[in-house]
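Listed below, chain by chain, are the residues.
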Amino acid sequence: REKINRRMWEGLGLQVFLMCLSVAVCSHASAPFEHSHHRRLSMQRHRERGKEGQVLHRSKRGWVWNQFFVIEEYTGPDPVLVGRLHSDVDAGDGTIKYILSGEGAGTIFVIDDKTGNIHATKTLDREEQAQYTLTAQAVDRDTNKPLEPPSEFIVKVQDINDNPPQFLYGPYHATVPENSNVGTSVIQVTASDADDPTYGNSAKLVYSILEGQPYFSVEPQTGIIRTALPNMDREARQEFNVVIQAKDMGGHMGGLSGTTKVTITLTDVNDNPPKFPQSVYTMSVSENAVPGEEVGRIKAKDPDLGENGLVSYRLIDEDKFGNFEITTDSQTREAVLKLRKPVDYETKRDYILRVEASNLHLDPRFMSNGPYKDTATVKVKVEDANEPPVFKHPNYILEVEENSPAGTVVGRVHAEDTDAAKVPINYLIDRHTDLEKYFSINSEDGIIRTTRPLDRELMPWHNISVTAFETDSHDFEQKAKAHVAIKVKDVNDNAPEFATQYETFVCENTPAGKLIQTISAVDKDEMSIRQHLRFSIAPEASNNQNFTLRNNRDNTANIYLSRKGFSRQTQDLFLLPIEISDNGNPSLSSTNTLTIRVCGCDSDGTVLSCNAEPHILPAGLSTGALIAILACIVILLVIVVLFVALRRQKKEPLIVFEEEDVRENIITYDDEGGGEEDTEAFDIATLQNPDGANGFLPRKDIKPEMQYPLRPGVRPVPNSVDVDDFIKTRISDADNDPTAPPYDSIQIYGYEGRGSIAGSLSSLESATTDSDLDYDYLQSWGPRFKKLADLYGTKDPADNDDS
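Rules and cut-offs
Residues numbered from 1 in each chain as written. Predicted model: local features only at pLDDT ≥ 70, side-chain atom pairs only at ≥ 80, totals over all residues. Heavy atoms only, no water. Helix = DSSP H or I, 4+ residues; strand = E, 2+ residues; numbered from the N terminus. Buried < 20%, exposed > 50% of the residue type's maximum accessible area, 1.4 Å probe, protein only. Contact = heavy atoms within 4.5 Å. Areas by Shrake-Rupley, 256 points an atom, 1.4 Å probe, with all protein chains shown as cover. Pairing = 2+ DSSP bridges. Axes fitted to C-alpha atoms, helices over the stretch in contact; angles between N-to-C directions. Disulfide = S-S within 2.5 Å. Salt bridge = Lys/Arg side-chain N within 4 Å of Asp/Glu carboxyl O. UniProt positions renumbered as here; feature names shortened; annotations may be inferred. Phe/Tyr/Trp six-rings, centres within 6.5 Å; stacked < 30°, edge-to-face > 60°. Lys NZ or Arg CZ within 6 Å of the ring centre and 35° of its normal.

With that settled, consider the overall build of the protein. When its secondary structure is counted, the protein shows 7 helices and 41 strands. The buried share of the protein, taken over its 803 residues, is 36%. Contacts in the protein between residues far apart in sequence, at least 24 positions, make up 68% of those at least 6 positions apart. For the protein, the exposed area adds up to about 48700 Å²; of that, 52% sits on carbon and sulfur atoms.

Here you go:
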């Protein structure tokens with residue numbers, strides 16, 4: 001504000017002149033405005049009369065007013081006179097009162113209600129508000145009735161140069177390619193001035209450059225910055241700081257100014273070719289280096305950036321030997337020379353290579369500066385190294401016959417030293433590949449021998465690894481390995497045999513000439529296409545009348561029946577010896593036994609049973625005997641029911657379980673089976689229904705050597721009711737009959753027995769009161785019933801007294 005005041009005092013003369021000029025203009029302009037106002041007032045009165053009596057007369061405008069102006073930032077001691085309002089009805093006698101309303105009325109603007117003079121009481125700022133709209137009205141001072149309609153007018157704030165230019169978007173950053181032509185547009189800067197651009201030169205700006213010359217210039221009217229020097233090189237200087245000034249008042253004296261900073265960066269273009277720092281490079285590589293190993297690195301320098309500085313490398317005319325290749329490291333942009341094929345010091349000791357570096361992306365505008373590539377020479381020296389031995393062949397295939405004695409020569413491996421010294425070589429077998437130590441090797445000449453006879457059928461191939469190393473070398477890594485595959489050649493040392501264990505079944509009713517089995521054989525020896533096996537019945541069974549054999553000449557044979565009428569009772573098992581021989585040299589043969597069983601079959605030939613049947617069927621119970629046994633059981637049950645009924649008719653005592661003599665019938669079956677797998681368990685129904693047994697049940701534990709007939713004179717009595725005799729008879733028969741069920745079988749008979757002289761010991765029906773039963777007889781039963789006799793046999797004398 002102080003700065004503004006100083007500038008205002010500097011132009012004080014101009015401001016006073018403008019104020020006087022504005023007052024004169026206002027006074028001079030009041031006449032036309034007054035006339036215009038009278039005119040409007042007359043027209044208004046004429047319209048009012050026309051409405052009443054349709055008589056129209058013109059009337060004068062009663063208001064004298066115009067557009068007022070006030071200079072901003074006025075700091076004088078007295079309020080500033082803005083203007084004066086006057087109505088033609090005002091006779092100057094003070095009966096008219098002027099009222100002011102609207103924006104700033106009463107605070108910023110005040111009016112003299114008698115004279116109509118308007119004053120500004122505060123300093124105004126045009127940049128805050130450029131104009132104010134006010135309303136004036138003339139009323140009767142006594143009655144406050146309007147004498148004229150309200151009239152609206154505007155007070156404009158007249159601008160002075162009190163705001164400097166400002167760069168709202170600074171500081172600026174811009175880029176321009178290096179080597180740009182003079183006058184290339186870089187960026188446009190724009191300043192704004194808050195002063196009134198329509199009044200005077202307060203907002204007329206002019207741009208100038210304060211810093212950044214002679215590299216850049218700025219257009220005074222537009223603020224566009226342009227290059228001022230040609231061939232600006234980014235590699236020499238990349239960034240420039242430019243200061244731009246904007247000054248109002250058209251740049252004249254007394255104007256205000258503002259500045260901004262512009263940072264201009266030169267962007268890169270491909271205007272520099274790659275360049276090797278030196279023309280010749282020297283490298284070395286060992287002859288032990290493997291393909292892909294790095295030999296060395298070189299780099300061509302290019303000061304350009306980004307893709308403009310990308311360099312690619314290649315071998316000129318390629319390497320005629322093809323031992324080397326060159327690639328580019330994507331991170332360091334270096335040329336990496338690598339070994340493509342092994343080098344040999346004894347063959348070639350030096351290589352001379354030419355490497356070319358060139359830019360990947362070229363700019364046609366700068367092609368005239370020269371070729372964007374460079375070349376360098378690389379000399380590669382091969383260094384001698386102690387190389388491991390080399391086998392003549394990396395893989396060997398040797399052969400040896402099986403069963404050859406220990407020490408038999410299998411073959412030889414050979415390795416030699418490729419170095420100039422030609423050191424002798426030693427050999428050894430890697431025992432990890434020959435754990436059983438079947439082979440040995442001569443450490444000096446590489447001859448491999450067997451250490452024991454080999455069996456082709458056990459292991460037809462042996463794969464071992466042989467290591468060769470120099471005799472006087474202490475570097476055990478300098479060694480070579482060769483794979484040796486040893487094939488064990490076959491000799492005929494195994495006789496043929498059945499391909500599987502055959503078990504053949506023959507039905508008793510099979511006709512003669514029927515094929516019952518086709519057999520085949522295998523030979524553990526190596527089978528050739530011309531090798532055939534011969535089948536024949538062994539000489540010891542040549543007189544066999546039951547079976548014949550026919551050789552099919554395809555290493556199989558068929559077995560046929562020579563007769564019919566086989567019987568299991570006569571013979572249920574046949575063992576047929578068959579001799580099988582090969583056609584080797586010498587020929588080997590073996591005798592194999594074919595098991596043939598005779599079985600019972602149905603009419604369709606389906607095997608039913610292959611077990612031998614007894615000649616004499618065991619005697620069984622008849623239907624009458626079974627009925628008699630059932631009748632006895634029913635009679636016994638009826639007797640028991642009657643006995644229980646009679647006992648219940650007696651007077652039951654009040655105390656239960658004390659003297660009741662009800663017998664319990666406890667039946668125990670101690671028949672222990674063989675579990676789920678016991679499929680040969682004895683069927684107890686056979687004893688319960690002997691007459692129903694129609695099959696022969698031989699023992700399963702042993703095969704009887706001879707048949708025993710039943711004891712003479714022992715036969716079941718069909719109509720016998722004596723169950724004891726029947727059971728005793730069956731037990732005797734079972735004990736003496738070897739064809740009965742197995743010896744460890746438990747035979748159970750459904751017979752309860754006649755009972756005991758002691759009667760029933762159960763207390764289920766004992767009376768709860770005193771009983772008249774006498775239990776003294778328990779004393780004579782012995783020590784086992786002593787406790788029971790003490791409880792029931794003798795009554796307490798005290799009890800007798802009470803009774």
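Moving on from the model shown.
Right, let's get into the sheet that holds strand β9 (residues 151-158). In a beta sheet, neighbouring strands pair by backbone hydrogen bonds and run either parallel or antiparallel. What the 4 strands build is an open sheet, ordered β2-β9-β8-β5; its pairing is mixed. The open sheet terminates on both sides in strands that have one partner only, identified here as β2 (68-71) and β5 (96-102). Each strand axis lies, on average, 30 degrees off the axis of its neighbour in the sheet, ignoring direction. Sheet topology note: the β2/β9 ladder contains 4 bridges and is parallel. If you follow Val70 over to β9, its bridge partner there is Val157.

By the definition in use, this model includes 2 disulfides. Linked covalently through their sulfurs, Cys507 and Cys601 form a disulfide whose S-S length is 2.0 Å. Its S-S torsion of approximately -85 degrees makes the covalent link between Cys507 and Cys601 left-handed. In this pair, Cys507 sits in strand β34 (residues 503-507) while Cys601 sits in strand β40 (residues 589-601), placing the two residues 94 residues apart along the sequence. The buried category is assigned to Cys507, whose relative accessible area is 10%. Each disulfide pairs two cysteine sulfurs, and for Cys599 the partner residue is Cys610, the sulfurs being separated by 1.7 Å. Disulfide Cys599 to Cys610: torsion about the S-S bond roughly 100 degrees, handedness right-handed.

Our focus in this paragraph is the pattern of salt bridges. Inspection of the entire model under this criterion finds 16 salt bridges. A salt bridge links Arg297 to Asp329; the shortest N-O distance between them is 2.8 Å. Here Asp329 lies in the loop between β20 (324-328) and β21 (335-339) and Arg297 lies in strand β18 (residues 294-298), a separation of 32 residues in the sequence. The class of Arg297 is partly exposed, set by a relative accessible area of 34%. The salt bridge involving Glu503 is made with Arg597; its shortest N-O contact spans 2.8 Å. Taken together, the residues span a long stretch of sequence, with Glu503 in strand β34 and Arg597 in strand β40 at a distance of 94 residues. On the basis of relative accessible area, Arg597 is assigned to the partly exposed category, the value being 29%. One network of salt bridges, in which partners are shared, links Glu294, Arg297, Asp329 and Glu334.

What follows deals with the UniProt feature "transmembrane region" (unreviewed entry) in the protein. Under the local residue numbering, the UniProt record ascribes the feature "transmembrane region" (unreviewed entry) to residues 625-646. Strand forms 0% of residues 625-646 and helix 100%; the C-alpha atoms that close the span are 32 Å apart.

Counted according to the given criterion, the structure contains 13 aromatic pairs. Aromatic pair Phe216 and Phe240: ring centres 5.5 Å apart, planes at 75 degrees, arrangement edge-to-face. On the criterion of sequence distance, the pair formed by Phe216 in strand β13 (residues 216-218) and Phe240 in strand β15 (residues 239-247) is long-range, its members being 24 residues apart. Here Phe216 matches Phe240 in class, with each residue buried. Taken together, a centroid distance of 6.3 Å and an interplanar angle of 70 degrees make the contact between Phe276 and Tyr281 edge-to-face. With respect to burial, Phe276 and Tyr281 carry one shared label: buried. Ring pairing ties together the aromatic residues Tyr215, Phe216 and Phe240, which thus form one cluster. Over the ring of Tyr351 we find Lys348, and its NZ or CZ is 5.1 Å from the ring centre. The ring of Phe566 carries the charged tip of Arg563 above its face, separated from the ring centre by 4.1 Å.

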